[in-house]
Amino acid sequence: MNTVKKPLTPFGQQLKHRHVVENDEFAAFARRIIRAHGRRVASGDVEALRDLVALSTNLDDAIGEAVIGLRAFGYSWAEIGSRLGITRQAAQQRWGDRP
């Protein structure tokens, strides 16, 4: 017997404003890890300095992926720009030409 309830929306259809409760906690965790990495380098681990700097590239890539995903999810450039404290034009100029 199948006890799984049918979804309220058709399979594959997603709601535009999906609420994810753990985002604040996850972001705080990521900030703690990055600060800990900086302290590790500061304590004399010069070999890890390049890896710490490379995180900025990873972060830029992740932001681009997030913005493109939000656009695909239906968010406008104005909505994205307002969350970032920039104009819609600035957001579109920075991330608009990505695949």
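Because the structure is predicted, anything quoted here is derived from the model rather than measured. (Residues numbered from 1 in each chain as written. Predicted model: local features only at pLDDT ≥ 70, side-chain atom pairs only at ≥ 80, totals over all residues. Heavy atoms only, no water.)

1. Considering the overall build of the chain
No. 1: What the chain contains, in helices and strands, is 4 helices and 0 strands.
No. 2: Helices and strands in the chain line up, N terminus first, as α-α-α-α.
No. 3: With 99 residues in all, the chain has 10% of them scored as buried.
No. 4: Sequence separation of at least 24 residues holds for 45% of the intrachain contacts in the chain that already meet a minimum separation of 6.
No. 5: Just so you have it, the chain exposes about 8500 Å², and 57% of that area is on carbon and sulfur atoms. (Helix = DSSP H or I, 4+ residues; strand = E, 2+ residues; numbered from the N terminus. Buried < 20%, exposed > 50% of the residue type's maximum accessible area, 1.4 Å probe, protein only. Contact = heavy atoms within 4.5 Å. Areas by Shrake-Rupley, 256 points an atom, 1.4 Å probe, with all protein chains shown as cover.)

2. Observations concerning the nonpolar core
For soluble globular proteins, the rule of thumb is that nonpolar side chains tend to be buried together.
No. 1: In terms of nonpolar packing, the biggest core is built from 6 residues, these being Val-67, Tyr-75, Trp-77, Ile-80, Ala-91 and Trp-95.
No. 2: When residues of this core are traced back to their parent elements, those giving at least two are helix H3 (77–84) and helix H4 (88–95).
No. 3: Each residue touching Ala-91, except ones within four places of it in the same chain, is listed here: Trp-77, Gly-81, Ile-86 and Gly-96. (Core = buried A, V, L, I, M, F, W, Y, C linked by side-chain atoms within 4.5 Å.)

3. Considerations on the packing of H3 against H4
No. 1: Two elements in contact, H3 and H4, have axes whose closest approach is 7 Å; the angle formed by their N-to-C orientations is 100 degrees. In terms of axis orientation, H3 runs roughly perpendicular to H4. Where H3 abuts H4, its residues Trp-77, Ala-78, Gly-81 and Leu-84 lie against Arg-88, Ala-91, Gln-92 and Trp-95.
No. 2: In terms of residue class, the contact of H3 with H4 is made up of 5 nonpolar, 2 polar and 1 charged. (Axes fitted to C-alpha atoms, helices over the stretch in contact; angles between N-to-C directions. Parallel < 35°, antiparallel > 145°, perpendicular 65-115°, else oblique. Nonpolar A, V, L, I, M, F, W, Y, C, P; charged D, E, K, R; others polar.)

4. Points about the environment of Arg-35
No. 1: You can see Arg-35 is positioned in helix H1 (residues 23–42).
No. 2: The spacing of Arg-35 and Leu-52 is 17 residues in sequence and 9.9 Å in space, taken between C-alpha atoms.

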